[in-house]
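Architecture at a glance
The residues making up each chain are set out below.
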Amino acid sequence: MTQSPQTPHTERTQLRIGPHTVQPPVVLAPMAGITNAPFRTLCREFSGGKGLFVSEMITTRALVERDAKTMRLIHFDGTEKPRSIQLYGVDPVTVGKAVQMIVDEDLADHIDLNFGCPVPKVTRKGGGSALPYKRHLLRSILREAVTAAGPLPVTMKMRKGIDDDHITFLDAGRIAVEEGVTAIALHGRTAAQHYGGTADWGAIARLKEAVPEIPVLGNGDIWSADDAVRMMRETGCDGVVVGRGCLGRPWLFGDLVAAFEPGGGVSPARPTLKEVAAVMRRHAELLAEWLEDEERGVIDFRKHVAWYTKGFSVGSEMRKRLAITSSLAELDALLAELDLDQEWPPGADGPRGRTSGRNRVVLPDGWLDDPYDRAGVGADAELDTSGG
């Protein structure tokens, strides 16, 4: 995938997460069912190992109970340094136990806490993007996590708030600083927005001003390396978190590395369909190896087909056939039928993944009555499964 010089200059920037230097200051966002070991491997290959790549969401209850699926999800390749785990939890005691387990068993080098997930199965339990509204609960969770983590850096990812009437990010940011959190990532949307509308980069700038003591990372609407550079220049944030922009485009991390090199960036990678097909095949093969089951690996890969083929002249019927494959041989045969000489199409750029919003956030009964009480939140609110 060829790249050519581009004129804009970008200052070399380093991001510090505790003892870890992240250069370029780019983080792969945890995405349930997506950022497993195979996908992280692909992204790291394109970045040359540069950046920080976070696991998909691990629930603290499932980790403490040593759920089989969860234990597989926390497996890191020997080349992954630092090893980064994102934890989800709503009960301070359970969160503390999970963090202590990570420390005692040397399972990771960095722990990120999820306070940004907007999906109903999470928010109805008071977790994810719903939780920062409960200030005392948030403080308790952060205190337990930071105390148990000892030398390991603890960061957090959050949204602006529940909705426009219940904005929490500035209060949550100050609490995080007071409790020893190492860095904060802010998605510039509320939970009610889900992934709709436009991310509010201005909120990222306001958070940076409010918590100058620690790094602030911006998240939301980074579809290209130029977007990442622009976000940092416009908001003053210390790094970026890339999520949906890399779906079906793991080579975006190569663009990001180049964009932060001295002297400027590069023109975005423009792979042909032949090159994209080769990445698709490798992705499916990595999943099969990781799951130790070819059929399961290819089935898990199916969700990526539409993202990889976006904009190319593939046809709805072929996309359907690709999305029901169950073996590598079957995938090879179908990929060979494509017009592989196609150049990168304009329609493949821009937003990808979910773009819908939600008008209502599903919350526990009475959740919004008092931002300081902790009624109805306990160990029974913990999810028992991890990932997607």
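Computed from a predicted structure; not experimentally measured.

**Describing the pairing of strand β6 (residues 84-88)**
Judged by how many residues are buried, β6 sits mostly within the fold: five of five residues are covered. Residues S84, Q86 and Y88 line one face of β6 and the alternating positions I85 and L87 line the opposite face, and both faces are buried. Bridging between strand β5 (residues 58-59) and β6 involves two bridges; their strand directions are parallel. The residue of β6 that forms the bridge with I58 is L87. As paired strands, β6 and strand β7 (residues 110-115) are joined by four bridges and run parallel to one another. From the neighbouring strand, I85 faces β7, where its bridge partner is I111.

**A few points about helix α7 (residues 169-178)**
Restricting attention to buried positions, one finds in α7 the residues F169, A172, G173, I175, A176 and V177. Among the structural elements, α6 (135-149), β8 (154-159), β10 (166-167), β11 (183-187) and α8 (201-210) are those in contact with the buried residues of α7. Directly after α7, the chain includes G180, whose backbone phi takes a positive value near 90°.

**Focus: the pairing of β7**
With six of six residues buried, β7 is to be regarded as a mostly interior element. Regarding the hand of the β-α-β motif, the stretch spanning β6, helix α4 (residues 92-104) and β7 is right-handed. Here β7 runs beside β8; their pairing, made up of five bridges, is parallel. When the sheet's bridge partners are listed, I111 is paired in β8 with V154.

**Some details on the nonpolar core**
Core analysis: the largest hydrophobic core is formed by 110 residues, its most contacted members being L87, L113 and M156. The element that contributes the greatest number of residues to this core is helix α11 (residues 273-291), accounting for ten residues. Not counting chain neighbours up to four residues away, the residues in contact with L87 comprise I58, T60, L63, A98, V99, I102, I111, D112, L113 and N114. Residues A29, L52, V54 and A183 belong to the second largest nonpolar core, which totals eleven residues.

**Quick word on the packing of helix α1 (residues 37-47) against α11**
Interhelical geometry of α1 versus α11 gives an angle of 135° and a closest axis separation of 8 Å. Between α1 and α11, the crossing angle belongs to the class labelled oblique. Pair α1 / α11 crosses with right-handed handedness. The residues of α11 that touch α1, namely those facing A37, P38, F39, T41, L42, E45 and F46, are V279, R282, H283, L286, L287 and W290. Of the residues that constitute the contact of α1 with α11, the class distribution is nine nonpolar, two polar and two charged.

**Details of the pattern of salt bridges**
This structure, assessed with the given rule, holds 27 salt bridges. Across the salt bridge formed by R143 and E179, the nearest N and O atoms sit 2.7 Å from each other. Of this pair, R143 sits in helix α6 while E179 sits in the loop between α7 and β11, placing them 36 residues apart in sequence. The class for E179 is buried, based on a relative accessible area of 10%. With a shortest N-O distance of 3.3 Å, R281 and E285 are connected by a salt bridge. Of the two residues, R281 and E285 both sit in helix α11, four residues apart, roughly one turn of that helix. Judged by relative accessible area, R281 falls into the partly exposed class, the value being 22%.

**Focus: the packing of aromatic side chains**
All chains considered together, the criterion is met by six aromatic pairs. With centroids separated by 6.5 Å and ring planes inclined at 40°, the aromatic side chains of W251 and Y308 adopt a geometry described as tilted. Within this pair, whereas W251 is found in the loop between β13 (239-242) and α10 (252-259), its partner Y308 is found in helix α13 (residues 305-309), the two being separated by 57 residues in sequence. A relative accessible area of 3% means that W251 is categorised as buried. Of the residues examined, Y308 reaches a relative accessible area of 1% and is grouped as buried. Grouping aromatic residues by their ring pairs yields a cluster made of F46, W251, F301, Y308, F312 and W344. Lying across the ring of W290, R72 places its NZ or CZ 5.5 Å from the centre. In this structure, K134 packs its charged tip against the face of W367, placed 4.9 Å from the ring centre.

**Observations regarding the sheet that holds β6**
Pairing within the open sheet is parallel, and its nine strands lie in the order β4-β3-β13-β12-β11-β8-β7-β6-β5. Both edges of this open sheet fall to β4 (52-53) and β5, since each of them pairs with a single strand only. α8 contacts β8, β11 and β12 (216-219) of the sheet and is inclined by roughly 175° relative to β12.

**Some details on empty space enclosed by the protein**
Summed over the entire model, instances satisfying the criterion amount to one cavity of 30 Å³ or more. The computed volume of the largest cavity comes to approximately 130 Å³. Around the largest cavity, the lining comprises 15 residues; the ones closest to its centre are V27, D112, T155, A185 and L217. For the lining of the largest cavity, the elements supplying multiple residues, two or more each, are β7, β8 and β11. Of the residues contributing to the lining of the largest cavity, the split by class is eleven nonpolar, two polar and two charged.

**Brief notes about the environment of G180**
As for its placement among the helices and strands, G180 is situated in the loop between α7 and β11. Sequence-wise, G180 and M231 are 51 residues apart; in three dimensions their C-alpha atoms are separated by 26 Å.

Cut-offs applied
Residues numbered from 1 in each chain as written. Predicted model: local features only at pLDDT ≥ 70, side-chain atom pairs only at ≥ 80, totals over all residues. Heavy atoms only, no water. Buried < 20%, exposed > 50% of the residue type's maximum accessible area, 1.4 Å probe, protein only. Helix = DSSP H or I, 4+ residues; strand = E, 2+ residues; numbered from the N terminus. Pairing = 2+ DSSP bridges. Contact = heavy atoms within 4.5 Å. Right-handed = clockwise from strand over helix to strand, strands pointing away. Core = buried A, V, L, I, M, F, W, Y, C linked by side-chain atoms within 4.5 Å. Axes fitted to C-alpha atoms, helices over the stretch in contact; angles between N-to-C directions. Parallel < 35°, antiparallel > 145°, perpendicular 65-115°, else oblique. Left-handed = near helix turned anticlockwise from the far one by under 90°. Nonpolar A, V, L, I, M, F, W, Y, C, P; charged D, E, K, R; others polar. Salt bridge = Lys/Arg side-chain N within 4 Å of Asp/Glu carboxyl O. Phe/Tyr/Trp six-rings, centres within 6.5 Å; stacked < 30°, edge-to-face > 60°. Lys NZ or Arg CZ within 6 Å of the ring centre and 35° of its normal. 1 Å grid on protein atoms, 1.4 Å probe; cavity = no way out; pocket = protein on both sides within 12 Å on 5 of 7 lines; lining within 4 Å. Points joined across faces, edges and corners; volume = space filled by probe spheres on them.

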